[in-house]
Amino acid sequence: MSVDVSIAVVNAAGDGYLANIPAGEFGQLYEDRLPSCLSGVEFMQAYGEHYDQETQVSSGDDYQVAMCTRHAVLDHHRAQAFQQLLQGPLTLPDQLLNLGELLFQSHASLQQCGLTSPSADQLVGIVGLVQKQAMSQKPGEFPKIYGAASVGHAGSVDFHPGKAWTDTDGALIQAHGGGVIHYEGVYYWYGENKAGTTYEAYSLGYSPPRVDVIGVSVYSSKDFVHWTYQGLALKGGTHPDIDPSMVLERPKVMHNPRTGKFVMWMHIDSADYELARLGVAVGDSPQGPFRYQGSFRPHGQQSRDFTVFADEQTGLAYVAYSSEGNRVMHISALTPDYTRVTRTYTKIFSGRGREAPAMFKHGDVFLMATSGCSGWEPNKLEVFWSRDPLEEWYSMGNPCKGGSDLENELTFFSQPTFVLAMPGLPGTFVFMADQWEPEDLSSSRYVWLPMWVKEAPKIGLDNKQTSWQRLNPFPTAETVIPPLEVEVRWFEAWSMNDLTANYTAAVAP
């Protein structure tokens, strides 16, 4: 493909910016000279570098040029027209319809560039349909809604569940079995660094695949999509518990507002998984370094897969862990500094064999996503709810939707590790899971998907209960009707707009 890279715009009126060129002049002089598409390789060969800190150019990707440039030029002028209309008194319906039309045009242009999300397209389409129906039903009258458009950068913030995910340096992200905190406007993602060789520790009998302990990686991001490697928050080899020959799994971090410290918990084990302990480390900043404090068996009981949760409403924190040969899960309250368990704990899910817990909260209801016990192989997700983490927990079943029957049944071939409540969007979460690759653990993938929680419909009890439930009035984990509905939805690719669009739809009157 021959690419004309000789275009240079010298235009005093445009002040050096292509978007400032009059739309007619752009169409007559420049549009036809732009390539329709340019590969990352061709861009780097032609220009060598760029100066936009928010943009990454991948050599393996192709980029639309002409259409996206046309959008930038025309949308700039649409914005100027929109601003001029807003400066005048908006008393005439025609003025409002013109504003709405500018919004519709902007969204259509953005959609042609592939920079909108399916949810945003759906919402804008609904607005247009409502407007047309209102005007056709009552000729001469005008609707109460005039237009809509997608905002943001959906095309540049896509998630691709189960695909390779690289950091801002182009290296595969190594943060397996991890979790995320949001602190002072920045997200921090912690997880196991498995960038070593996968091998079996023992030659006889079953030996689970492993990678020698390297440490706990930490990545930072302001947009939740582009992650910068900050190094090892906790380095392996600095204590016998985290010697390379040991097991360090599922690190989770909490910020303690009382002490100002960052507290990391982790599963500590021997190569044969017989040690079954919880480890704790403390840091002064989210990037670390964290100082390892030691490990223990809470209440003298085994602890393998686990999670921690700090309740922002009460300041209380909890740890939930698979115990007693993974047949039972225990939940313990933590001390005010989040570094030890108190004497208060409870046993739940007796005989159910649940692991990989991820606790979160909506309103005054606690929820927990869990997997079954099948080693590195995926199984069915099950969510439970409770009014108090130390009281009874009730099943809500499998919330997975949007995939094939097999994908929904096997949690999209992944295992839960964390659920993050998205700041400023009540009821909106991101479900985080690992898609394990036992033959090469370093190449295991991440499955992050939208999760929504909403109030259950207010319908009659008899319509909700089955006849079996009515004949069995004593509540069990299967028969208590949950006050909420939970959905984890599969997308081949999605953006933050999918979260906000569904949130807007959920809270709209």
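Source: prediction; values computed, not measured.

Cut-offs used in this document
Residues numbered from 1 in each chain as written. Predicted model: local features only at pLDDT ≥ 70, side-chain atom pairs only at ≥ 80, totals over all residues. Heavy atoms only, no water. Helix = DSSP H or I, 4+ residues; strand = E, 2+ residues; numbered from the N terminus. Buried < 20%, exposed > 50% of the residue type's maximum accessible area, 1.4 Å probe, protein only. Contact = heavy atoms within 4.5 Å. Salt bridge = Lys/Arg side-chain N within 4 Å of Asp/Glu carboxyl O. Core = buried A, V, L, I, M, F, W, Y, C linked by side-chain atoms within 4.5 Å. Pairing = 2+ DSSP bridges. 1 Å grid on protein atoms, 1.4 Å probe; cavity = no way out; pocket = protein on both sides within 12 Å on 5 of 7 lines; lining within 4 Å. Points joined across faces, edges and corners; volume = space filled by probe spheres on them. Nonpolar A, V, L, I, M, F, W, Y, C, P; charged D, E, K, R; others polar. Patch = residues over 30% accessible without salt bridge, like charges linked within 9 Å, V, L, I, M, F, W, Y side chains within 5 Å. Areas by Shrake-Rupley, 256 points an atom, 1.4 Å probe, with all protein chains shown as cover. Lys, Arg positive; Asp, Glu negative; His and termini not counted. Charge placed at Lys NZ, Arg CZ, Asp CG, Glu CD. Axes fitted to C-alpha atoms, helices over the stretch in contact; angles between N-to-C directions. Phe/Tyr/Trp six-rings, centres within 6.5 Å; stacked < 30°, edge-to-face > 60°.

Observations concerning the overall build of the chain
The number of helices and strands found in the chain is 9 helices and 25 strands. With 509 residues in all, the chain has 46% of them scored as buried. In the chain, the proportion of contacts linking residues at least 24 apart, taken out of those at least 6 apart, comes to 55%.

Here's the deal with the side chain of T307
Note that T307 resides in strand β13 (residues 306-310). Look past the residues within four positions of T307 in its chain and what remains in contact with it is K252, Y318, V319, A320, P357, A358 and M359.

Some words on the pattern of salt bridges
Across all of its chains, the model carries 12 salt bridges by this definition. Residues D311 and K361 are paired through a salt bridge, measuring 2.7 Å at the closest nitrogen-oxygen approach. Here the residue D311 occupies a position in the loop between β13 and β14 (317-323), and K361 occupies one in strand β17 (residues 354-362), the gap between them amounting to 50 residues. Residue E487 is joined to R489 by a salt bridge in which the shortest nitrogen-to-oxygen separation is 2.4 Å. With relative accessibility at 29%, the residue R489 sits in the partly exposed group. In this structure, a network of salt bridges that share partners links the residues K261, D284 and R291.

Here we look at the nonpolar core
Membership of the largest hydrophobic core comes to 47 residues, with the highest contact counts inside it found for V180, W189, F224, W227 and W448. Going through the elements one at a time, β4 (186-192), β17, β18 (365-372), β19 (382-386), β22 (415-421), β23 (428-435), β24 (445-455) and β25 (484-489) are the ones with two or more residues in this core. Once you skip the residues sitting within four places of it in the chain, W448 turns out to touch F159, P161, W165, V180, W189, F224, W227, V430, F431, M432, A433 and W494. V186, V216, I242 and V253 belong to the second-largest nonpolar core, a separate cluster that totals 20 residues.

Considering the pairing of β4
The buried fraction of β4 amounts to 7 of the 7 residues, a majority that puts the element mostly inside the structure. Taken together, strand β3 (residues 176-183) and the strand that follows it, β4, pair antiparallel across an intervening segment of 2 residues, in which E184 is found at a positive phi of about 50°. For β4 and strand β7 (residues 215-221), the ladder comprises 6 bridges, and the chain directions are antiparallel. Residue Y188 lies in a different strand from β7, and its bridge partner there is S220.

Concerning unusual backbone geometry
With omega at 5°, the peptide bond leading from G288 into P289 counts as cis. Within the secondary structure, P289 sits in the loop between β11 (277-283) and β12 (290-296). We note that H299 has phi near 55°; this positive angle belongs to a residue other than glycine. Along the chain, H299 falls in the loop between β12 and β13. In this structure H299 comes out as partly exposed when scored by relative accessible area, which is 27%.

Regarding empty space enclosed by the protein
Over the atoms, a rolling probe the size of a water molecule traces out where space has been left empty. Scanning all chains against the criterion turns up 3 cavities of 30 Å³ or more. Roughly 140 Å³ of volume is contained in the largest cavity. Around the largest cavity, the lining comprises 17 residues; the ones closest to its centre are E192, K194, V211, V213 and L248. Among the secondary structure elements, those contributing two or more residues to the lining of the largest cavity are β6 (209-210) and β9 (247-255). If one sorts the elements of the lining of the largest cavity by residue count, β9 sits on top with 3 residues. Of the residues contributing to the lining of the largest cavity, the split by class is 10 nonpolar, 2 polar and 5 charged. Size it by volume and the second largest cavity reaches roughly 50 Å³.

Observations concerning a negative patch on the surface
On the surface, E200, E437, E439 and D440 cluster together to form a negatively charged patch. Relative to the assigned elements, E200 resides in strand β5 (residues 199-200).

A look at the sheet that holds strand β21 (residues 400-401)
What the 5 strands build is an open sheet, ordered β21-β25-β24-β23-β22; its pairing is mixed. The strands lining the two open edges of the sheet, one partner per strand, are β21 and β22. Two elements, β24 and β25, share 5 bridges in a ladder whose sense is antiparallel. Opposite M451, over in β25, you have V488 as the bridge partner.

Notes on the layout of surface pockets
For the second largest pocket, the calculated volume is near 930 Å³. Where the lining of the second largest pocket is concerned, the elements lending two or more residues are β3, β9, β13, β17, β22 and β23.

Focus: the sheet that holds β7
Ordered by their spatial adjacency, 4 strands build an open sheet running β3-β4-β7-β8, and the pairing between neighbours is antiparallel. Sheet topology places β3 and β8 (228-235) at the edges, where each strand pairs with a single neighbour. On average, adjacent strands in this sheet sit at an angle of 25° to one another, irrespective of strand direction. Here β3 runs beside β4; their pairing, made up of 6 bridges, is antiparallel. Following the sheet pairing, H182 is matched in β4 by Y187.

Section: the packing of aromatic side chains
Scanning all chains against the criterion turns up 26 aromatic pairs. Taking the centre distance of 6.4 Å and the plane angle of 70° together, the rings of W165 and Y446 count as edge-to-face. Placement of W165 in the loop between α5 (118-137) and β3 and of Y446 in strand β24 is noted, with a sequence separation of 281 residues between them. When sorted by exposure, W165 lands in the same class as Y446, which is buried. Seen from their ring centres, F224 and W227 are 5.9 Å apart, and the 65° between their planes marks the pair as edge-to-face. Among the residues examined, F224 registers a relative accessible area of 0% and is labelled buried.

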